[in-house]
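Residue-level listing of the chains:
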Amino acid sequence: MKNITSLLAASLATFLLSACSGGGGDASFENGESVISLVGVDCVEPANLANYETLLSGDTVVKDDANATVIIYHDVNGVKKICLVDNGSSGHIVR
């Protein structure tokens, strides 16, 4: 009887923990990828880097609209930053 109770408790704990791991709407995928929405801003010259999103190694930039325009700033230290031009279009980064 004790073994059955222990087995049921372990099964219930496993079920409850696995139920908490999915979904959530935080724009993350099961494989650990996440989506960062790019918000259209005024990408003026000289570049206002506060409006730019930093790109990391392995990031993929996706233009959601055909008319989406991005500007990428690449400095001498290898830092890359991206800005989505505010023209009503949208895009995102898959990280």
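Computed from a predicted model, the values in this text were never measured in an experiment.

Enquirer: Go over the state of the cysteines with me, naming the residues and quoting the values.
Expert: Here, the word disulfide means a covalent bond between the sulfur atoms of two cysteines. A complete count under the given rule lists one disulfide for this structure. Put simply, Cys43 and Cys83 are joined by a disulfide, and their sulfur atoms are 1.7 Å apart. Because the torsion about its S-S bond is -85 degrees, the bridge between Cys43 and Cys83 counts as left-handed. One end of the pair, Cys43, is in the loop between strand S1 (35-38) and strand S2 (53-55); the other, Cys83, is in strand S5 (residues 80-84), with 40 residues separating them in the sequence. Residue classification places Cys83 among the buried residues on the basis of a relative accessible area of 1%.

Enquirer: Give me the lowdown on the nonpolar core, citing residues and values where you can.
Expert: Judged by nonpolar contacts, Ile36, Leu38, Leu55, Ala68, Ile82, Leu84 and Ile93 together constitute the single largest core of seven residues. Contacts of Leu55, omitting those with residues within four sequence positions, involve Val61, Ile72, Lys80, Lys81, Ile82, Ile93 and Arg95.

Enquirer: Could you give an account of the sheet that holds strand S6 (residues 91-94), with specific residues and numbers?
Expert: In spatial order, the strands read S1-S6-S3; together these three strands make up an open sheet with antiparallel pairing. The sheet is open, and its two borders are formed by S1 and strand S3 (60-63), each paired with just one other strand. Across the sheet, the mean angle separating the axes of adjacent strands is 25 degrees when strand polarity is ignored. Summarising the sheet, S1 and S6 pair through four bridges and their orientation is antiparallel. Residue pairing for S6: Ile36 is matched across the bridge by Ile93.

Basis of the calculations
Residues numbered from 1 in each chain as written. Predicted model: local features only at pLDDT ≥ 70, side-chain atom pairs only at ≥ 80, totals over all residues. Heavy atoms only, no water. Disulfide = S-S within 2.5 Å. Helix = DSSP H or I, 4+ residues; strand = E, 2+ residues; numbered from the N terminus. Buried < 20%, exposed > 50% of the residue type's maximum accessible area, 1.4 Å probe, protein only. Core = buried A, V, L, I, M, F, W, Y, C linked by side-chain atoms within 4.5 Å. Contact = heavy atoms within 4.5 Å. Pairing = 2+ DSSP bridges. Axes fitted to C-alpha atoms, helices over the stretch in contact; angles between N-to-C directions.

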